[in-house]
Amino acid sequence: IASFATPNYSSDVLYIIFTCATAVCSMIASVSIFVVFLNHISNKQYEKLVASNSAFKDLGLGFVALLVVPCVLIMLLGFDFLVFINVVLILSLVIALLCSVAIAAVLLGRFVSSKILKSKNASVYQVAMLGAITFAIISVIPVFGGIFNFMLIIAGFGYIIGEVIHNFVSRNKKPVSKKS
């Protein structure tokens, strides 16, 4: 009966510490994946990512892609001859979602760096780590943090899908030849 009279706050504190540690570790892992591939990204592509002002377009595209792509992959599981291709596509989807977390961290870091800290010349690593820490801090907020982080991840996923579509269209576009 005495245990009911005194509230046990130690489990709540441990839960918050575990949640923060998990969020920070997952963000560091995602940003590490992004930094590994960062050497393969040109400065032009990074500037395009940072200068992207189409957050609502990326958010909508990411939301539609998050609904459509898994449904298509589940339907493709019914075909025996497409199982190996489907497994590769599912793994690509998981990698794209991991990279979208890193892209969301970079976008959030750019926002915090430029609007709040008024820093214009931060390196990509500083921006990524600032975004990862901000992302982890926001994730601790009970309802708003989860919704905000989900929207950021969807916007990052939409950015990836938009770049894939843009690259596919630009590669398959036939050059127009002028008739003389």
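Residues numbered from 1 in each chain as written. Predicted model: local features only at pLDDT ≥ 70, side-chain atom pairs only at ≥ 80, totals over all residues. Heavy atoms only, no water.

Asker: What should I look at first to understand the side chain of Asn86 in this one?
Answerer: As for its position among the elements, Asn86 is in helix H5 (residues 83–116). Setting aside its immediate chain neighbours within four residues, Asn86 contacts Leu73, Leu76 and Leu77. (Helix = DSSP H or I, 4+ residues; strand = E, 2+ residues; numbered from the N terminus. Contact = heavy atoms within 4.5 Å.)

Asker: Explanation requested: the environment of Val101 in the structure shown.
Answerer: By secondary structure assignment, the location of Val101 is in helix H5. Through-space distance from the C-alpha of Val101 to that of Gly156 is 6.6 Å; in sequence the pair is 55 residues apart.

Asker: When you look at the packing of helix H4 (residues 55–76) against H5 in this model, what are you seeing that I'm missing?
Answerer: Viewed as axis vectors pointing N to C, H4 and H5 meet at an angle of 160°, and their least axial separation amounts to 10 Å. Considered as vectors, H4 and H5 are oriented roughly antiparallel to each other. The crossing of H4 and H5 is left-handed. Only Asn86, Leu89, Ile90, Leu93 and Leu97 of H5 make contact with H4, whose side of the interface consists of Leu66, Val69, Pro70, Leu73 and Leu76. Residues that form the contact of H4 with H5 fall into these classes: nine nonpolar, one polar and no charged. (Axes fitted to C-alpha atoms, helices over the stretch in contact; angles between N-to-C directions. Parallel < 35°, antiparallel > 145°, perpendicular 65-115°, else oblique. Left-handed = near helix turned anticlockwise from the far one by under 90°. Nonpolar A, V, L, I, M, F, W, Y, C, P; charged D, E, K, R; others polar.)

Asker: What am I meant to see in helix H7 (residues 144–172) here?
Answerer: In an α-helix there are 3.6 residues to a turn, and that puts residues three or four apart on one side. With 29 residues, H7 should cover 42 Å at 1.5 Å per step; its first-to-last C-alpha distance of 42 Å lies within 8% of that length. Those residues of H7 not exposed but buried are Gly145, Asn149, Leu152, Ile154, Ala155, Gly156, Phe157, Gly158, Tyr159, Ile160 and Ile161. (Expected span 1.5 Å × (residues − 1). Buried < 20%, exposed > 50% of the residue type's maximum accessible area, 1.4 Å probe, protein only.)

Asker: How should I be thinking about the packing of aromatic side chains in this particular structure?
Answerer: Aromatic rings considered in pairs are described by the distance between their centres and by the relative angle of their planes. Counted according to the given criterion, the structure contains one aromatic pair. Relative to Phe148, the ring of Phe144 lies with its centre 5.6 Å away and its plane at 25°, an arrangement referred to as stacked. Placement of both Phe144 and Phe148 in helix H7 is noted, with a separation of four residues, approximately one turn of the helix. Residue class for Phe148 comes out partly exposed when judged on its relative accessible area of 27%. (Phe/Tyr/Trp six-rings, centres within 6.5 Å; stacked < 30°, edge-to-face > 60°.)

Asker: Just to check I follow, could you spell out a nonpolar patch on the surface for this structure?
Answerer: Taken together, Phe63, Val64, Leu67, Val68, Val72 and Met75 make up a surface patch of nonpolar side chains, about 550 Å² in accessible area. Residue placement: Val68 occurs in helix H4. For Val68, a relative accessible area of 43% puts it in the partly exposed group. (Patch = residues over 30% accessible without salt bridge, like charges linked within 9 Å, V, L, I, M, F, W, Y side chains within 5 Å. Areas by Shrake-Rupley, 256 points an atom, 1.4 Å probe, with all protein chains shown as cover. Salt bridge = Lys/Arg side-chain N within 4 Å of Asp/Glu carboxyl O.)

Asker: What exactly am I supposed to notice about the nonpolar core here?
Answerer: Note on soluble globular proteins: their nonpolar side chains tend to be buried together. One finds Ala65, Leu73, Leu93, Ala96, Cys99, Ile103, Leu107, Phe157, Tyr159, Ile160 and Ile161 forming the largest nonpolar core, which totals 11 residues. When residues of this core are traced back to their parent elements, those giving at least two are H4, H5 and H7. When residues in this core are grouped by element, the largest group, five residues, is from H5. If we skip the residues at most four places from it in the chain, Ile160 touches Ala96, Cys99, Ser100 and Ile103. In this structure, Leu108, Phe135, Ile138 and Leu152 belong to the second largest nonpolar core, which totals five residues. (Core = buried A, V, L, I, M, F, W, Y, C linked by side-chain atoms within 4.5 Å.)

That's the geometry; what it means functionally is another story.
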